[in-house]
Amino acid sequence: MALILTFLVPGVVGLWLVTGGRALTTGAARAVALVAAVVGAAAAVVAVVSRPAVDRAWIPDLGVRWHFEVDGISAPLIILTAVIGVLVVAHAWVEQPWAGPTQTGSAATYLGALLLVETGALATFAARDAILFFIAFEIVLVPMWLLISRYGDRHNPAARADASARFILYTAVGSTLMLVGILVLVTQAGTADLDALPAAAARLTLHQQTLIAALLTIGLAVKVPVFPLHTWLPAAHTTAPTAGSVLLAAVLLKLGTYGLVRLPMMTVPDGFARIAPVLAVAGVIGILWGGLICLVERDLKRLIAFSSVAHMGFVVLGLASGTTTGLQAALIGNIAHGVIAALLFVVVGGLKHRWGSVDLTVVRPALREVSPRLGFAMILGLAAGLGLPGLAGFWGEFVALLGAWNPAHHTGILRTGVVIAAVGAVLAAGYSLRVARLVWVGDAVADDAPHRAADARGAELAVISTLVLAVVIIGVAPQVVFSVTADAAALVGGAR
Amino acid sequence: MTLQMSWGLLLPALIPVAAMVLVLVVDAIIPSARLAAPVIGALGLAVGAAAAIPGVVASDPRLTLCTPAPDGRCMWDGGPLASTLQIAALLATLAVLALASVHRAGVIDVVLLLASAAGAAGVVASRDLGTWLVTLELATLPVIALVAWRDRRAAAHGALTLLTTSLVSFALLVLGTALWVTATGDPTLTGPSLATAWAVPEQRTLAGLATVVLLAGLAFKLSAVPFHAWTPTTFTAGPLPVSALLASASKLAAVGALIVVLAPYDAVVGMARGPHVVVAALVILTVASMLAGTVMALRQTEVVRLLAWSTVAQAGWILLPLTALSVAGRQAAAVYAVVYAVASLVAFAAVRAIHGPQVEDRRDLTAYRGLLRRDPIAGGTLALALLVLAGLPPGVIGLVAKVVALRPAIAAGLWPVAVAAVVAAVLGIAVYVRWFAVLFGEADERAPARPGSRRASLGVAAVGAAVLIVTSALPQLLVGLVT
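Residues numbered from 1 in each chain as written. Chains lettered and ligands numbered in written order. Predicted model: local features only at pLDDT ≥ 70, side-chain atom pairs only at ≥ 80, totals over all residues.

1. Things to note about the overall build of chain A
Along its length, chain A carries 20 helices and two strands. Against the 2.2 N^0.38 benchmark of 23 Å for 496 residues, chain A shows a C-alpha radius of gyration of 21 Å, consistent with a compact globule. With respect to the three principal axes, the spread of C-alpha positions in chain A is 75 × 55 × 40 Å. The buried share among the 496 residues of chain A stands at 64%. For chain A, long-range pairs separated by at least 24 residues make up 81% of all intrachain contacts whose partners lie at least 6 apart in sequence. (Helix = DSSP H or I, 4+ residues; strand = E, 2+ residues; numbered from the N terminus. Rg over C-alpha atoms; globule rule 2.2 N^0.38 Å. Buried ≥ 20, exposed ≤ 12 C-beta atoms within 10 Å, placed from the backbone. Contact = placed C-beta atoms within 7 Å.)

Next up, the structure:
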């Protein structure tokens, strides 16, 4: 029951807000959405603790079941999504993308779309039927498209149209390829139950397994995103409202990596092992590519987006190693990137809100002086992003490199990858320091300069503090995540 | 020769015919009763649909018009698949009657609609070439008259296009029928006789040719590429309710007819020389329709023209599962066709509600700007219909229909079709999201004024949207009908 409530409450309230509740006042809509998100989050905590299972027939003629369950792999992601869901709704007290000079959308629609993205992600993480997984995976598309195209960067309608179309078309290519992969898998294995699939798919020939793994991996790689399929992400991040960027980074990208673990890696491990080197190489190129672009990128939001590509490169490298260590690294790297990117996007979104743009070439007063709290949060986020020990990012990257150094197969390729990825980690230090110097240290500007930014307070401070706390807790005590994922990770077929 | 006959199974086709006769009789006796025709017509369609319900729930074979044993052949099959298509076609015609508006629909309109509905109900259940050919033409020919009925020059032009197309299609169908009988020596569409013919090389060639010619004839009715050229012209020229009929009930009749022709191939698929020529023809039609229809729809700004090209693209999706030549494929085609028919009816009803009867002017995408705020019911139902057509949640049933349609083709290992389907699905999302995006935003003051009488159109849109919502939550309600 708690599991169903987890996504049903935000889902139903979200649907109502975008349809019947559109006329609600801003205050009422925010209160309703916050209550829904909090109830959903509470139900998520209960569901993760009690681990209930729901299994009913849904479309018997297709063999699709209404089957939801939580296990060690999905539990941390469900908690992450539920918490981020509450934070993005709370952020609506800080930034109001619906009220602009050129556009006057409805607050209810905006909040409803946030809740629907959350619903889709939660349902995807909990789904235990391959086709149900696909349908839940698609739920996030339209609300996210709405967030980008209607509530995105208000100064630039052309960019909004471009970014939202790019987002929906790229991810649709990915999910349709994934659907073909799922259908091949399901028709050949004879079941859509994700728990039964690994055993059923073991009968398939290596050729079939490789084909299925390739289809599923390419499809999901668009969502992760893995180089060279990442080009939708920077545009979407730059244009989306802050809450949309947070959802993109902390929730939507995780659908991709979670799908990689749940589908190709668990169901067709032998096929996945065959294409793993390609995935590893793509991940390593992503690390370098993202790092190099970050060194020269002018737009701070875009910079964070490219750093996401680099971070997801580490996650993919961990997955491609085919070891339990690598998988553990990918799982914690996923969560860590979720919190770090969410923190950075909240800070940068706040800056963009205050400054109007986050162009790094504009000379601005030092952030540490004008708004020390925002400055501190940013420095912490950057430090965590470059993988400083004691903060969340360290575990994902360090353990991923460790896992890939002793891989289950293709040792040569993966060790080369590890060396290059280590260089990429140095690049991360380079661009993080560059941002810190330009924004945090800043430049001496006359006191009466217009670029003064008020510091974070109220809801914004609460959102930022929660994320800062999460970054530190995961960094200091990674076992809160490791202990949950350990048992499940040991059972994954693709890791040994 | 005596025929074993059970009237109950024939009722879905007979009731509309009876209603048609009744309309004519009432009109002859009391010409002043103007409301009588639409009311009798609506009742006839509804009761006809109700008469098909037992066929959906029945588990035993529902064959009738059978010749005596031992080698008895049945010419009518009221099984679940046929009954589902009958219900859908009759209710779609009922919706079109409502769109045409009770006050404006004259005796002629009602009679033509009933004739077309009776033909559609007949063709999906027929199992012999004679009944099949006659009922198929009965389903389509009245539509030509309906297009031409309003005396506009464009309408006459559209009707002429449709008439020419129908004549070519009819010629092909007659030729195909003749070839089929020559090849199999059997006027019924049954598996065993086709299998016998398939074993002999000369007869196999002839049977393959017959099927390809029949496919070509049906492709006209289904508006599959390259037999689609009439579709945009006729859709935009004729009255909107008739375009809705062409997109829904006519499409269902054509799919039903195609399913009847392909059913005997079950007996051939396993043989040494499989029906490659039939599969190849189906694959070409599928791929060409999906890709050409979607790409052309991407360029349209006039909404009815957009819907017309989207019909072409969706015809490809309907054909997609049929390429597998399996029972599951035929059921999938029926499910997809029903989902498409409901969604396109909702879209047409919403367009009608927005523009009123004078639909020819300014049916441009820009007229829909801010519709969701300006006109929540029409805008909301239209948005849902577009999402279902695109296959995006919350229009879950559209997504399920795409899964259903892809599955048989993938199970049969038809990779070219699967690749084309991926491309078409993504481009299709671009087509419908382009329109969907316009619905948001600020209302334009140049937007068309809200027409006066539009209750019927809104009702059709709302009922159709309710069907889409219920089946989105419980897809089994629809998917389970055909099995």
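2. A few points about the overall build of chain B
Each helix and strand counted, chain B has 22 helices and two strands in total. For a compact globule of 483 residues, the expected C-alpha radius of gyration is about 23 Å, and chain B comes in at 21 Å, within 12% of that figure. Overall, chain B is about 70 × 60 × 40 Å in size when its C-alpha atoms are taken along their principal axes. Buried positions account for 62% of the 483 residues belonging to chain B.

3. Some points on the domain arrangement of chain A
All names here are of chain A. Annotation of chain A at the domain level lists domain 1 (1-267) and domain 2 (274-496). The C-alpha centroid of domain 2 is placed 22 Å from the C-alpha centroid of domain 1. Taken residue by residue, the interface counts 40 residues in domain 1 and 47 residues in domain 2. At the level of secondary structure, the elements contributing two or more residues to the side of domain 1 that touches domain 2 comprise α3 (75-90), α9 (206-223), α10 (232-239) and α11 (242-267). At 12 residues, α11 tops the list of elements feeding residues into the side of domain 1 that touches domain 2. (Domains from an automatic or database assignment.)

4. Considerations on the environment of Thr323 of chain B
Topologically, Thr323 of chain B is positioned in the loop between α15 (303-322) and α16 (327-355). If sequence neighbours within four positions are ignored, Thr323 of chain B has contacts with Val279, Leu282, Val283, Thr286, Ala409, Leu414 and Val417 of chain B.

5. Examining the interface of chain B and chain A
With 28 residues of chain B at the interface, the matching set in chain A holds 26 residues. Per-element accounting of the side of chain B that touches chain A gives the leading share, nine residues, to helix α19 (residues 396-411) of chain B. Looking at the side of chain B that touches chain A residue by residue, the class counts come to 23 nonpolar, four polar and one charged. (Nonpolar A, V, L, I, M, F, W, Y, C, P; charged D, E, K, R; others polar.)

6. Some points on the packing of helix α17 (residues 392-405) of chain A against helix α18 (residues 411-441) of chain A
All names here are of chain A. Two elements in contact, α17 and α18, have axes whose closest approach is 8 Å; the angle formed by their N-to-C orientations is 160 degrees. Here α17 is positioned roughly antiparallel relative to α18, judged by the angle of their axes. In this structure, α17 meets α18 at a crossing whose hand is left-handed. Taking contact as the criterion, the partners of Glu397, Leu401, Ala404 and Trp405 in α17 are, on α18, Leu414, Arg415, Gly417, Val418, Ala421, Ala422 and Ala425. Of the residues that constitute the contact of α17 with α18, the class distribution is eight nonpolar, one polar and two charged. (Axes fitted to C-alpha atoms, helices over the stretch in contact; angles between N-to-C directions. Parallel < 35°, antiparallel > 145°, perpendicular 65-115°, else oblique. Left-handed = near helix turned anticlockwise from the far one by under 90°.)

7. Description of α11 of chain A
An α-helix turns once per 3.6 residues; consequently, residues spaced three or four apart project the same way. Residues and elements named next belong to chain A. With 26 residues, α11 should reach 38 Å at 1.5 Å per residue; the first-to-last C-alpha distance of 36 Å fits that figure. At Leu248, α11 is deflected by roughly 40 degrees, the largest bend along its length. When you tally the buried positions in α11, you get 26 out of 26 residues, the bulk of the element. (Expected span 1.5 Å × (residues − 1). Bend = angle between axes of the 7 residues up to and from the residue.)

8. Some words on helix α13 (residues 300-320) of chain A
Residues and elements named next belong to chain A. With 21 residues, α13 should cover 30 Å at 1.5 Å per step; its first-to-last C-alpha distance of 30 Å lies within 8% of that length. The element α13 is extensively covered by neighbouring structure, given that 21 of its 21 residues are classed as buried. Positioned one or two residues after α13, Gly322 has a phi angle of 70 degrees, which is positive.

9. Details of the packing of α13 of chain A against helix α14 (residues 324-355) of chain A
All names here are of chain A. In contact at an axis separation of 9 Å, α13 and α14 are set at 175 degrees when each is read in the N-to-C sense. By the angle class used here, α13 and α14 are roughly antiparallel. Of α14, the residues touching α13 (which contributes Leu300, Lys301, Ile304, Ser308, His311, Met312, Phe314, Val315, Gly318 and Leu319) are Gly326, Leu327, Ala329, Ala330, Gly333, Asn334, His337, Ala341, Leu344, Phe345, Val348 and Lys352. Of the residues assigned to the contact of α13 with α14, the class counts are 13 nonpolar, seven polar and two charged.

10. Some words on the nonpolar core
Residues Leu343 and Val471 of chain A together with Tyr336 of chain B are the most contacted members of the largest nonpolar core, which totals 413 residues. Top contributing element to this core by residue count: α16 of chain B, with 21 residues. Residues from two domains meet in this core; each of domain 1 (1-267) and domain 2 (274-496) of chain A gives at least three. The contact partners of Tyr336 of chain B, leaving out residues within four places of it in the chain, are Trp317, Ile318, Pro321, Ala401, Val404 and Ala405 of chain B. (Core = buried A, V, L, I, M, F, W, Y, C linked by C-beta atoms within 7 Å.)

11. Quick notes on unusual backbone geometry
Following Phe227 of chain A, the chain continues into Pro228 of chain A via a peptide bond in cis, with omega recorded as 0 degrees. Relative to the helices and strands, Pro228 of chain A is located in the loop between α9 and α10. Omega for the bond connecting Pro393 of chain B with Pro394 of chain B falls within 30 degrees of zero, at 10 degrees, which places this linkage in the cis form. Within the element layout of this structure, Pro394 of chain B appears in the loop between α18 (376-390) and α19. Not every positive phi belongs to a glycine, and Leu65 of chain B is a case in point at roughly 55 degrees. Locating Leu65 of chain B in the fold gives a position in strand β1 (residues 63-66). For Leu65 of chain B, a count of 20 C-beta atoms within 10 Å puts it in the buried group.

12. Examining the confidence of the model for chain B
Residues and elements named next belong to chain B. Per-residue pLDDT for chain B averages 89, and the proportion of residues at 70 or more is 96%. Summarising per-element confidence for chain B, the mean pLDDT is lowest in β1 (81) and highest in helix α12 (residues 249-262) (95). Reported confidences for the modelled complex are a pTM of 0.94 and an ipTM of 0.92. (pLDDT = per-residue confidence, 0-100.)

13. Focus on the environment of Thr242 of chain A
Residue and element names in this part refer to chain A. Within the fold, Thr242 resides in helix α11. It is 8.4 Å that separates the C-alpha atoms of Thr242 and His91, two residues lying 151 residues apart in sequence. The contact partners of Thr242, leaving out residues within four places of it in the chain, are His91, Glu95, Phe345, Val346 and Gly349.

14. Looking at the environment of Gly244 of chain A
Residue and element names in this part refer to chain A. Along the polypeptide, Gly244 turns up in helix α11. Taking the C-alpha atoms as reference points, Gly244 and Val18, 226 residues apart in sequence, are found 16 Å from one another. Residue contacts for Gly244: discarding those within four places in its chain leaves Met144, Leu147, Ile148 and Tyr151.

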